[in-house]
Amino acid sequence: MSRARCHALFLAAVSPRGATTRVAVRRGLSAWPVLQEPDMEYQDAVRTLNTLQTNANYLEMVKRKRGDPQTQLEAMKLYLARSGLQVEDLDQLNIIHITGTKGKGSTCAFTERILRSYGLKTGFFSSPHLVQVRERIRINGQPISSELFTKHFWRLYHRLEETKVDLAVLEVGIGGAYDCTNIIRKPVVCGITSLGIDHTGLLGDTMEKIAWQKGGIFKSGVPAFTVLQPDEPLAVLRDRAQQISCPLYLCPPLQALEEGGPPLTLGLEGEHQRSNAALALQVARCWLQQKGYQDAGELKASRPSLPGQLPLAPVFQPTPRMQQGLRHTEWPGRTQLLRRGPLTWYLDGAHTTSSMQACVRWFRQALHRCERPDSGSEVRVLLFNSTGDRDSAALLKLLQPCQFDYAIFCPNLAEMASTDNADQQNFTVTLDQVLLRCLAHQQHWSRLHEEQVSPDPWSTPGQEQDGPASLLLAPHPPHTHSASSLVFSCISHALQWITQGRDPLFQPPSPPRGLLAHPVADSGATVLQEAAAIHVLVTGSLHLVGGVLKLLEPSLSQ
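Keep in mind the model is a prediction, meaning the values are calculated, not measured.

Once that is clear, we can look at the overall build of the protein chain. The helix and strand tally for the protein chain stands at 19 helices and 16 strands. When the 558 residues of the protein chain are sorted by exposure, 53% land in the buried category. Within the protein chain, counting contacts between residues at least 6 apart in sequence, those at least 24 apart form 80% of the total. By element, 54% of the accessible surface of the protein chain is carried by carbon and sulfur atoms, the whole surface being about 25,400 Å².

Moving on, we come to helix H12 (residues 273-290). Its 18 residues give H12 an end-to-end C-alpha distance of 26 Å, which sits within 8% of 26 Å, the value for a rise of 1.5 Å per residue. Of all 18 residues in H12, 14 are buried, a share of seventy percent or more. One or two positions beyond H12, positive phi appears at Gly292, with a value near 90 degrees.

The tally for this structure, following the rule as stated, stands at 13 salt bridges. Across the pair Arg47 and Asp44 runs a salt bridge whose closest N-O atoms are separated by 3.6 Å. Of this pair, Arg47 and Asp44 both sit in helix H2 (residues 42-50), separated by 3 residues, roughly a single helical turn. When the shortest N-O distance is used, the salt bridge between Arg340 and Asp503 registers 3.2 Å. Pair noted here: Arg340 is in strand S11 (residues 336-340) and Asp503 is in the loop between helix H17 (491-499) and helix H18 (519-530), with a separation of 163 residues, a long-range link. The class for Arg340 is buried, based on a relative accessible area of 6%. The exposure class of Asp503 is buried, given its relative accessible area of 0%.

Looking now at the UniProt feature "binding site: ATP" (unreviewed entry) in the protein chain. The residues that UniProt annotates with the feature "binding site: ATP" (unreviewed entry) are Arg334 and Asp348. Accessibility expressed as a relative area gives 11% for Arg334, which makes it buried. Tracing the chain through its elements places Asp348 in the loop between strand S12 (343-347) and helix H14 (353-369). Here Asp348 falls in the buried class, since its relative accessible area comes to 7%.

Quick look at the sheet that holds strand S13 (residues 378-384) now. Read across the sheet, 6 strands follow the order S11-S12-S16-S13-S14-S15 without closing on themselves; strand pairing throughout is mixed. Each of the sheet's edge strands pairs with one partner strand only, and the pair in question is S11 and strand S15 (484-487). Shown here is a sheet whose adjacent strand axes are inclined to one another by a mean of 20 degrees, direction ignored. Summarising the sheet, S11 and S12 pair through 5 bridges and their orientation is antiparallel. Within S12, the residue paired with Arg339 across the bridge is Thr344. The strands that helix H15 (residues 392-399) touches are S13, strand S14 (406-409) and strand S16 (533-539); relative to S13, the one it contacts most, it runs at about 165 degrees. Its contacts with the sheet put H17 on S12, S13, S14, S15 and S16, and the angle it makes with S12 is roughly 140 degrees.

Among the 7 residues that make up S13, 7 are buried, leaving the element largely enclosed by the rest of the structure. Both faces of S13 are covered, namely the face carrying Glu378, Arg380, Leu382 and Phe384 and the face carrying Val379, Val381 and Leu383. Taken together, the 7 bridges between S13 and S16 define a ladder with parallel strand orientation. Note that in S16 the partner of Leu383 across the bridge is Val538. In this structure, S13 lies alongside S14, joined through 4 bridges in parallel fashion.

Another aspect to go through is the confidence of the model for the protein chain. Model confidence for the protein chain is summarised by a mean pLDDT of 81, while 76% of its residues fall at 70 or above. Counting contacts from residues 16-39, a segment whose pLDDT is below 50, to residues more than four positions away or on other chains yields 29 contacts. Predicted confidence for residues 167-173 stays below pLDDT 50, and this span has 26 contacts to residues more than four positions away or in other chains.

Time to look at the nonpolar core. Residues Phe225, Leu281, Trp287, Leu288 and Leu326 are the most contacted members of the largest nonpolar core, which totals 38 residues. Of all the secondary structure elements, the ones that give two or more residues to this core are strand S2 (95-99), helix H6 (104-117), helix H11 (254-258), H12 and helix H13 (320-327). Ranked by size, the runner-up nonpolar core spans 36 residues in total, among them Ile534, Val536, Leu542 and Val545.

Across the chain, the bulk of peptide bonds are trans and the bulk of non-glycine residues have phi less than zero. Following Ser127, the chain continues to Pro128 via a peptide bond in cis, the omega torsion being 5 degrees. One can find Pro128 in the loop between strand S3 (121-125) and strand S4 (137-139). A positive phi angle, close to 50 degrees, is found at Gln500, a residue other than glycine. By the secondary structure assignment, Gln500 is in the loop between H17 and H18.

It is worth spelling out the environment of Gln255 at this point. Turning to its location among the elements, Gln255 is positioned in helix H11. Gln255 gets classed as exposed once you look at its relative accessible area, which sits at 54%. Put simply, Gln255 and Ala278 are 23 residues apart on the chain and 8.9 Å apart in space, counted from C-alpha to C-alpha.

The N-to-C vectors of H17 and helix H19 (residues 542-552) enclose an angle of 65 degrees; their axes lie 10 Å apart at closest approach. Remark: the crossing between H17 and H19 carries right-handed chirality. In this structure, H17 contributes Ile491, Ser492 and Leu495 to the contact, and H19 contributes Leu544, Gly547, Val548, Leu551 and Leu552.

A separate point is the packing of aromatic side chains. What the rule picks out here adds up to 15 aromatic pairs. Each ring, one from Tyr406 and one from Trp497, has its centre 5.3 Å from the other, and the planes form 80 degrees; the classification is edge-to-face. Pair noted here: Tyr406 is in strand S14 and Trp497 is in helix H17, with a separation of 91 residues, a long-range link. Judged by relative accessible area, which is 0%, Trp497 ranks as buried. The ring of Trp212 is capped by Arg240, whose NZ or CZ atom sits 3.8 Å from the centre of that ring. Here the basic side chain of Arg285 rests over the ring of Phe316, its NZ or CZ set 4.8 Å away from the ring centre.

This part takes up the state of the cysteines. Inspection of the entire model under this criterion finds 0 disulfides. Looking at Cys190, it has no disulfide partner, and the nearest cysteine sulfur is the one in Cys246, 6.6 Å off. Residue classification places Cys190 among the buried residues on the basis of a relative accessible area of 1%. Left without a disulfide partner, Cys402 is nearest to the cysteine sulfur of Cys359, which lies 7.4 Å away. Overall, Cys402 belongs to the buried group, its relative accessible area being 1%.

So, how was this worked out
Residues numbered from 1 in each chain as written. Predicted model: local features only at pLDDT ≥ 70, side-chain atom pairs only at ≥ 80, totals over all residues. Heavy atoms only, no water. Helix = DSSP H or I, 4+ residues; strand = E, 2+ residues; numbered from the N terminus. Buried < 20%, exposed > 50% of the residue type's maximum accessible area, 1.4 Å probe, protein only. Contact = heavy atoms within 4.5 Å. Areas by Shrake-Rupley, 256 points an atom, 1.4 Å probe, with all protein chains shown as cover. Expected span 1.5 Å × (residues − 1). Salt bridge = Lys/Arg side-chain N within 4 Å of Asp/Glu carboxyl O. UniProt positions renumbered as here; feature names shortened; annotations may be inferred. Pairing = 2+ DSSP bridges. Axes fitted to C-alpha atoms, helices over the stretch in contact; angles between N-to-C directions. pLDDT = per-residue confidence, 0-100. Core = buried A, V, L, I, M, F, W, Y, C linked by side-chain atoms within 4.5 Å. Left-handed = near helix turned anticlockwise from the far one by under 90°. Phe/Tyr/Trp six-rings, centres within 6.5 Å; stacked < 30°, edge-to-face > 60°. Lys NZ or Arg CZ within 6 Å of the ring centre and 35° of its normal. Disulfide = S-S within 2.5 Å.

What follows is the structure, given as structure tokens:
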């Protein structure tokens, strides 16, 4: 399976009533453990799935010879039929379809948790996974079991083998008009999160082109919601919706829904999550209303839309169950904190300029709030990687104000020998490619440091272009090693150096010979061993975050 990120997410909510249950039973779906076929274990299934990945050489050929993107959507219909399903079967599902550039997963996580607070059963598909492939399919908020994944994988695999014909390779999509996920014809409601520049080779190199692609999920007569966007892409979304008679609404800010009521507490940290929560509330309310639920939030005074602009979505009072859902939302790898002894891990899979700006604001706010040690030094470490056609130099430049003492770069490989962990295998790139890219990251970082003209770090905070005032960081005397950076061959080696054995749960065997055979690594080890507090930001790639979580939280692999 390609590890390219799928930029469209599905959330299917069903009531526990019998009619919907019969559909699930007829399709052979079950949440209970199932008996395994001989020698058909989970890792065997994932290894077989990985053999279907587009390898690096073929991927390059496809990029050069890419034809009509509409053919991918047509091919998806053929694959669906070969699996024993028809598009009409999908029409019976109560689907919420979300796309965008950043915040898709968080928005779906908020929405899914809100709907579960109403007693609904939910199914949630997202991509990519962090630790295990089965995370991509969640039932009632939990990844499906390895037994259930294995059972249905082999059932589908054998059916496709039996009906094999010569068809074009179907690539995992990135959301929008020609994405394979757009085979859904009758969603209940759609949503578009914040848009930005990403995947330019497929979506286009302007915000307008990207907005046109993302607006491809709109369906005639199906309500759709979006958050505040720049004028040009917002106009494209509006025109796209009008052309097919899709009612499109602009979400009011979360603050408007809080007026006259208690502040809303979110389970996900970061100011940018308020935009995702505002969209989730509108999407969830629309779904509930269309399914006949009366308790879907009392309307407040309406706010008129300005001429030529999108109509505003309703301003309503979130119900107690909605508030509960927002408060209890969990979505690993996004603005996630892990406190372990002297180490605090800040995990966020930001990989676009806009999401990295949000990540930096969250990280600095979290540093501002954290308790300072009574004595001893604090060390800030960046663990970074970036993949695909993303501009890593631009992402690293945004991270400069965080005043890192060390910048560590490594591929998205949990360990050098990944044969025992099929979930982390990736055949779309070669080892040489990922290591050379890490060296390029290091060169960008060093160049940025050399070119940086540091302003006074204790000056009065100014207003940022797209967010609240900058936060004044706590006193952080510069070290002589402030420009130091290192490249490691895998995540495990990077974590061994960063933790220096001080993470109470991450206790790998002794580091391999030569791991510290570098002046920076040797001197930095002493600094890390003596530090009273170590703050580690892991960002740039969700796959990197997933590899770190696999090593820091072994329970996620069970």
